[in-house]
Structure formats: structure tokens, C-alpha cells
Amino acid sequence: MNRIHAIAAALALSLVAAPALAEGIKAGDLTIEKPWARATPKGADVGAAYVEIRNVGGAADKLTGGSADFANVEIHEMSMQGNVMKMQELKDGLAIPAHGDVKLAPGGYHIMPTGLKHPLVKGETAKLTLTFEHAGAVAVDFPIVGIGAASGDMKGMDMKGMKGM
């Protein structure tokens, strides 16, 4: 009976927590949703984190950077130039258009923790503060999934051979 009660309690808790997680974090006109980060191998100097940012306001905002106690935080973009995938830091930040959204995802825009003081470990959470031009500083918890994960679905499914940020 105890096992059935524990399962029922866990299910009830997940049903209550799911809407809160689905809502995201609100900061001014922005909503920050679906944060996740990839685990890193021991000794890695950089990591990758992803998130979706929705702007319901009439004015654009800009993700200008961030901070963390375990790394420096930069905003990067990956893009194809000819037949070569290039990555560059967005030193001027990433625009979040008015009444629009931006998805930071593998192969495109991403948050790059650099100078890691310790590996990002699957099953743990990376706490980063994202800085926006208008919405200000926003603390966000990024659940850490597997090294080759394609999304933050928490299954940590590896994409064989994929190592891109």
C-alpha cells in the first residue's frame, strides 16, 4: 500500500507542478520557457544552454549576456557560411522582437557558459542569471540533460556523433 500511496502522491505533485513549469518565468514583457543545458565531459571548458524567450510587449528587448557562479556567460550564434558551420559570440546581444519570440536551440543561438569551474552533470541544475536590456536580470534554473541531447525533454537521449553547441 505504501508504494501505491507514494506513486499517487508523486503523480498528484507532478500535475500541480506541470502548469507552473509550462508558464515559464515572467520578467516584464518577457516569458522565459523550456530552459535546459547539456552535460559536459570532465575537463571541458565550455558548455551549452538553451531556452525559449517570448516577448508579448510592443517594444523589442535584447538578451545582452548573463552570469553564473561557475562560469562566464556569453550569447553565441551558429550559422552556415558556405559549407562551413561557424560560431560567433553576439557581443551586441540577441534581439527579442516585439510581439515575437526567439528560440535558443542546438545549431543556432545558444547560451555558452565559458571557463567552467566544474562539469555540468546530467540530472543537476545549472543556475544562470540572464541579463536583458529592458527586463533586467532574471535568475533561471537550467536542468542538465545528457551530453548529446537534442532537446531538454529530460530523457537525455544522445544524438550519436553530434557534438555541436
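Relevant structure appears above.
Residues numbered from 1 in each chain as written. Predicted model: local features only at pLDDT ≥ 70, side-chain atom pairs only at ≥ 80, totals over all residues. Heavy atoms only, no water.

A. Up close: the overall build of the chain. Helix and strand content of the chain: 1 helix and 11 strands. Considering the chain as a whole, with its 165 residues, one finds that 35% of them fall into the buried category. For the chain, long-range pairs separated by at least 24 residues make up 63% of all intrachain contacts whose partners lie at least 6 apart in sequence. Element-wise, carbon and sulfur atoms account for 58% of the exposed surface of the chain, whose accessible area totals about 9500 Å². (Helix = DSSP H or I, 4+ residues; strand = E, 2+ residues; numbered from the N terminus. Buried < 20%, exposed > 50% of the residue type's maximum accessible area, 1.4 Å probe, protein only. Contact = heavy atoms within 4.5 Å. Areas by Shrake-Rupley, 256 points an atom, 1.4 Å probe, with all protein chains shown as cover.)

B. Seen up close, the pairing of strand β5 (residues 72-81). In this structure, strand β4 (residues 61-67) lies alongside β5, joined through 2 bridges in antiparallel fashion. Its bridge partner lying in β5, Gly-66 is registered against Val-73. In this structure, the hairpin formed by β4 and β5 is closed by a connection of 4 residues. Judged from the 6 bridges that link them, β5 and strand β9 (residues 109-114) form a sheet pairing that is antiparallel. Across the sheet, Asn-72 pairs through a bridge with Thr-114, a residue of β9. Direction of pairing for β5 relative to strand β6 (residues 84-89): antiparallel, over a ladder of 6 bridges. Paired with Met-78 across the strands is Met-87, a residue of β6. Following β5, the chain reverses through 2 residues before pairing antiparallel with β6; Gly-82 in that reversal takes a positive phi of roughly 70°. (Pairing = 2+ DSSP bridges.)

C. Local environment of the pattern of salt bridges. Within this structure, the stated rule accounts for 6 salt bridges. A salt bridge links Glu-52 to Lys-34, with the shortest nitrogen-to-oxygen separation between them at 3.8 Å. Taken as a pair, Glu-52 in strand β3 (residues 49-55) and Lys-34 in strand β2 (residues 30-38) lie far apart in primary sequence, 18 residues in all. Looking at Lys-34, the relative accessible area reads 56%, which means it is exposed. Here Glu-52 ties to Lys-103 by a salt bridge, and the two come within 3.9 Å at their closest N and O atoms. With a gap of 51 residues between them, Glu-52 in strand β3 and Lys-103 in strand β8 (residues 100-104) connect regions that are remote in the sequence. Note on Glu-52: relative accessible area 16%, which makes it buried. (Salt bridge = Lys/Arg side-chain N within 4 Å of Asp/Glu carboxyl O.)

D. A look at the environment of His-99. Mapped onto the elements, His-99 comes out in the loop between β7 (94-96) and β8. Look at His-99 and you get exposed, because its relative accessible area is 61%. The spacing of His-99 and Ala-60 is 39 residues in sequence and 8.0 Å in space, taken between C-alpha atoms. With near-sequence residues (within four places) excluded, His-99 lies in contact with Asn-55, Val-56, Gly-57 and Gly-58.

E. Region of the structure containing the side chain of Thr-40. Within the secondary structure layout, Thr-40 lies in the loop between β2 and β3. On the accessibility criterion, Thr-40 (10% relative accessible area) is buried. A distance of 2.8 Å separates a polar atom in the side chain of Thr-40 from the backbone nitrogen of Leu-120. Setting aside anything within four residues of it in sequence, one finds Thr-40 in contact with Val-46, Gly-47, Leu-116, Pro-119, Leu-120 and Ile-147. (Polar contact = N/O pair within 3.5 Å; in protein donor to acceptor, adjacent residues only side chain to side chain.)

F. Looking closely at the nonpolar core. With 29 residues, the main nonpolar core has Ile-53, Leu-63, Leu-104, Ile-111, Phe-132 and Phe-142 as its most contacted residues. Phe-142 has contacts with Pro-35, Trp-36, Ala-37, Ala-49, Tyr-50, Val-51, Ile-111, Glu-124, Thr-125, Ala-126, Leu-128 and Leu-130, leaving out every residue within four places of it along the chain. In terms of nonpolar packing, the next biggest core, distinct from the first, is built from 5 residues, Trp-36, Ala-48, Val-145 and Ala-149 among them. (Core = buried A, V, L, I, M, F, W, Y, C linked by side-chain atoms within 4.5 Å.)

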